[in-house]
Structure formats: structure tokens, C-alpha cells
Amino acid sequence: MDKVKFEALFPVIVSRLLQKIIDQRNISHEEAFLRLYSSNLYNALDSEETKVWHYSVEKLFLLFEEETLTGNLELPEY
């Protein structure tokens, strides 16, 4: 995907993931924002080359939860 398309799609994915975190964890937007943006998942998601942005919001949430519990991010094969 070219950089322009990725930059357009990225905020949509992040906002949907943030909403999922807020809904599932019952936390504030600010808290969800801080947790997501300090995660390894966000760093992987922010890089088009990792292809993490291909995952569904549900899958991204599960990866976020796993990283939160274990401290590790293990990406499935794409």
C-alpha cells in the first residue's frame, strides 16, 4: 500500500481500536489512549511494513490484551 493510503487508513484503525479498548475495559478515552500509544502493538501498527494494519479490530484488541497481560507482543504469521 502506498504511503498516502496507509496514512489515511491508519487513524481509522486506531480510533476503532481505541473505542474497542474503552468499551471492553470500561476506561476513559485518555487512559485507553495512553495504554495503546505506549504499547509495542501501536509501534507495530504504525509501521506499514509490518502489515499489522491488515488485522481486524477484534484481532488487534486480542493482541493488545495479550501484550498487556504478558508484556510481550507476538504477532501471528500473515
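Data block above holds the structure.
Residues numbered from 1 in each chain as written. Predicted model: local features only at pLDDT ≥ 70, side-chain atom pairs only at ≥ 80, totals over all residues. Heavy atoms only, no water.

Participant: Any chance you could explain the overall build of the chain here in plain terms?
Facilitator: The number of helices and strands found in the chain is four helices and zero strands. Across the chain, helices and strands are ordered from the amino to the carboxyl terminus as α-α-α-α. Its C-alpha atoms give the chain a radius of gyration of 12 Å, within 12% of the compact-globule value 12 Å for 78 residues. C-alpha atoms of the chain, sized along the principal axes, occupy 35 × 25 × 20 Å. Counting every position in the chain, which comprises 78 residues, the buried fraction comes to 32%. The long-range fraction of contacts in the chain, counting pairs at least 24 apart against all pairs at least 6 apart in sequence, stands at 52%. By element, 51% of the accessible surface of the chain is carried by carbon and sulfur atoms, the whole surface being about 5,000 Å². (Helix = DSSP H or I, 4+ residues; strand = E, 2+ residues; numbered from the N terminus. Rg over C-alpha atoms; globule rule 2.2 N^0.38 Å. Buried < 20%, exposed > 50% of the residue type's maximum accessible area, 1.4 Å probe, protein only. Contact = heavy atoms within 4.5 Å. Areas by Shrake-Rupley, 256 points an atom, 1.4 Å probe, with all protein chains shown as cover.)

Participant: Is there a simple way to think about the environment of Lys 51 in this case?
Facilitator: With respect to the element layout, Lys 51 can be found in the loop between helix H3 (40-45) and helix H4 (57-70). A distance of 2.8 Å separates polar atoms of two side chains, one belonging to Lys 51 and the other to Glu 48. (Polar contact = N/O pair within 3.5 Å; in protein donor to acceptor, adjacent residues only side chain to side chain.)

Participant: Quick question: what am I supposed to make of the environment of Leu 62 here?
Facilitator: Within the secondary structure, Leu 62 is located in helix H4. Once the C-alpha coordinates of Leu 62 and Glu 7 are considered, the two residues, 55 residues apart in sequence, prove to be 23 Å apart.

Participant: Looking at this model, I keep getting lost on a nonpolar patch on the surface. Mind explaining?
Facilitator: The grouping of Met 1, Leu 9 and Val 12 at the surface amounts to a nonpolar patch, some 210 Å² of accessible area in total. Relative to the elements of secondary structure, Val 12 occurs in helix H1 (residues 3-25). (Patch = residues over 30% accessible without salt bridge, like charges linked within 9 Å, V, L, I, M, F, W, Y side chains within 5 Å. Salt bridge = Lys/Arg side-chain N within 4 Å of Asp/Glu carboxyl O.)

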